[in-house]
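# Understanding the architecture of this molecule
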Amino acid sequence: QYHAEMNENLAKLGVQLDSPISSTTFPLEKASLQVTGIGSLCADSLRAVANSLIDQNEAPYHVGVVASGVIRDDIYPGETGVITFSDVYNMLPLGISPYDPSVPGYPLMSVYATGADIYTICEVALTFAPMIGSDYYLNFSGLKIEYNPAYAPYFHGVTGVSVYDPADALCLGALGSFGFYPDPSPIDPNGLYRIVVDLYALQMLSVVNDYLALYGIPASITPVNPSLIDAGGQELKEWMAPLNFLPALEGSIPPSVYGPGGIVSGRVNILN
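This section reports on the structure supplied with the text. (Residues numbered from 1 in each chain as written. Predicted model: local features only at pLDDT ≥ 70, side-chain atom pairs only at ≥ 80, totals over all residues. Heavy atoms only, no water.)

All right, on to the overall build of the protein chain then. From N to C terminus, the protein chain includes 9 helices and 11 strands. For 272 residues, the compact-globule formula gives about 19 Å, and the C-alpha radius of gyration of the protein chain, at 18 Å, lands near that figure. Taken along its principal axes, the extent of the C-alpha atoms in the protein chain is 55 × 40 × 40 Å. The buried share of the protein chain, taken over its 272 residues, is 50%. (Helix = DSSP H or I, 4+ residues; strand = E, 2+ residues; numbered from the N terminus. Rg over C-alpha atoms; globule rule 2.2 N^0.38 Å. Buried < 20%, exposed > 50% of the residue type's maximum accessible area, 1.4 Å probe, protein only.)

Given below as structure tokens:
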């Protein structure tokens, strides 16, 4: 009975609870304070779908960010390998919009940040998250990070950040895409970069800044021009990103990218 009622509402989106969206041959599981296939998949979906909605006059989205705390369910192949709508929704189900509560889910936001701010955001994800909780660990799309734990106590663990071509949705670079896309280029600390992130994580920046001040860390994050992302007269909700991204992967999540030992494992390079 509950499924029938939900399917009636979902018909407006052209899906049902058990509609097949994609498939997988391997599990995508959360893990504490580390790069994972599921975290990278979520972040990639935000960046790719946001970029699919821009027009020719808009700046592209360079970075997608998903906090680990909003990823609420793993994805398993099960007996069939099929990933249904309910699997996708359960992965990023949280939130309600203060602007349009008619459809559940956190709305996705467009925001700009300087390269220096991006360094700080990466530092928060890798150095600060272990101090305040794994929910604050950030999953990135569009960035390749070099991190040296020896400098972490001084809040300088992030020694390098590079940005991928916005059209390179899977962050493959020249090697992974047979030379079609360039390798990532170093972030310009004075440059301005466009980020897609959910409203909740954006609002939590003020909490993070308070924590930074509490620990005496001389850094803060100042987002510029935050705005809602329009998806044809509808707020782009966070769960809608993987719903639209997964079919673009040609029917199956690639294990070479998101599987154990896949390309995403190199998004954060831990230096000795």
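Having seen the structure, we can now continue with the description.
What follows is about the environment of S185. Structurally, S185 can be placed in strand β8 (residues 185-186). Along the chain, S185 and V163 lie 22 residues apart, while their C-alpha atoms are 5.4 Å from each other. Excluding residues that lie within four positions of it along the chain, S185 makes contacts with V161, S162 and V163. (Contact = heavy atoms within 4.5 Å.)

Attention shifts here to the packing of helix α4 (residues 115-132) against helix α7 (residues 205-214). The geometry of α4 relative to α7 is characterised by a closest axis approach of 12 Å and an angle of 70° between their N-to-C directions. Here α4 lies roughly perpendicular to α7, going by the angle between them. Residues T120, V124, F128 and I132 of α4 touch α7, and the partners they reach there are V208, Y211 and L212. Residues belonging to the contact of α4 with α7 are distributed by class as follows: 6 nonpolar, 1 polar and no charged. (Axes fitted to C-alpha atoms, helices over the stretch in contact; angles between N-to-C directions. Parallel < 35°, antiparallel > 145°, perpendicular 65-115°, else oblique. Nonpolar A, V, L, I, M, F, W, Y, C, P; charged D, E, K, R; others polar.)

On inspection of all chains with the given rule, the structure shows 3 salt bridges. The salt bridge partner of E58 is R194, with a shortest N-O separation of 3.2 Å. Residue E58 is found in the loop between α2 (37-52) and β2 (63-67), and its partner R194 is found in strand β9 (residues 192-198); the two are separated by 136 residues along the sequence. For E58, a relative accessible area of 32% translates into the label partly exposed. Of the charged contacts in the structure, one is a salt bridge between E235 and K237, with a shortest N-O distance of 2.8 Å. The same class applies to E235 and to K237, which are both buried. (Salt bridge = Lys/Arg side-chain N within 4 Å of Asp/Glu carboxyl O.)

This brings us to the sheet that holds strand β6 (residues 143-147). Reading across the sheet, the 4 strands line up as β8-β7-β6-β11 and stay open at both edges, with mixed pairing between neighbours. Edge strands, defined here as strands with exactly one partner in the open sheet, are β8 and β11 (268-270). As defined by bridge partners, β6 adjoins strand β7 (residues 158-163) across 5 bridges and the pair is classed as antiparallel. Paired with I145 across the bridge in β7 is V161. Of the strands in this sheet, β6, β7 and β11 touch α4, which is tilted by about 120° from β7. (Pairing = 2+ DSSP bridges.)

Attention now moves to the packing of aromatic side chains. Under the counting rule described, the total for this entry stands at 7 aromatic pairs. Ring centres of Y89 and W239 lie 5.4 Å apart, and the angle between their planes is 65°; this geometry places the pair in the edge-to-face category. Residue Y89 is located in helix α3 (residues 85-91), and its partner W239 is located in the loop between β10 (224-228) and α8 (240-245); the two are separated by 150 residues in the primary sequence. Note on W239: relative accessible area 3%, which makes it buried. Look at F128 and Y215: their rings are 5.3 Å apart centre to centre, the planes differ by 90°, and that puts the pair in the edge-to-face class. Taken together, the residues F128 in helix α4 and Y215 in the loop between α7 and β10 connect sequence positions 87 residues apart. Given the relative accessible area of 0%, F128 is considered buried. (Phe/Tyr/Trp six-rings, centres within 6.5 Å; stacked < 30°, edge-to-face > 60°.)

Counting 43 residues, the largest nonpolar core has I253 and Y258 as the members making the most contacts within it. Sorting the residues of this core by element identifies α2, α3, α8 and α9 (255-258) as the ones contributing at least two each. Excluding anything up to four places from it in sequence, Y258 contacts F26, L28, G37, S40, L41, D44, L170, F245, L249, I253, V264 and R267. (Core = buried A, V, L, I, M, F, W, Y, C linked by side-chain atoms within 4.5 Å.)

This part is about the sheet that holds strand β5 (residues 138-141). The strand order across the open sheet formed by 5 strands is β5-β2-β9-β4-β10, and the pairing between neighbours is mixed. Bordering the open sheet on either side are β5 and β10, each of which pairs with just one other strand. Shown here is a sheet whose adjacent strand axes are inclined to one another by a mean of 25°, direction ignored. Relative to the sheet, α4 contacts β2, β4 (108-114), β5 and β9, its axis offset from that of β4 by approximately 115°.

Glycine aside, negative phi is the norm for most residues, and most peptide bonds take the trans geometry. Residue L33 is not a glycine yet carries a positive backbone phi of 55°. Relative to the helices and strands, L33 is located in the loop between β1 (20-23) and α2.

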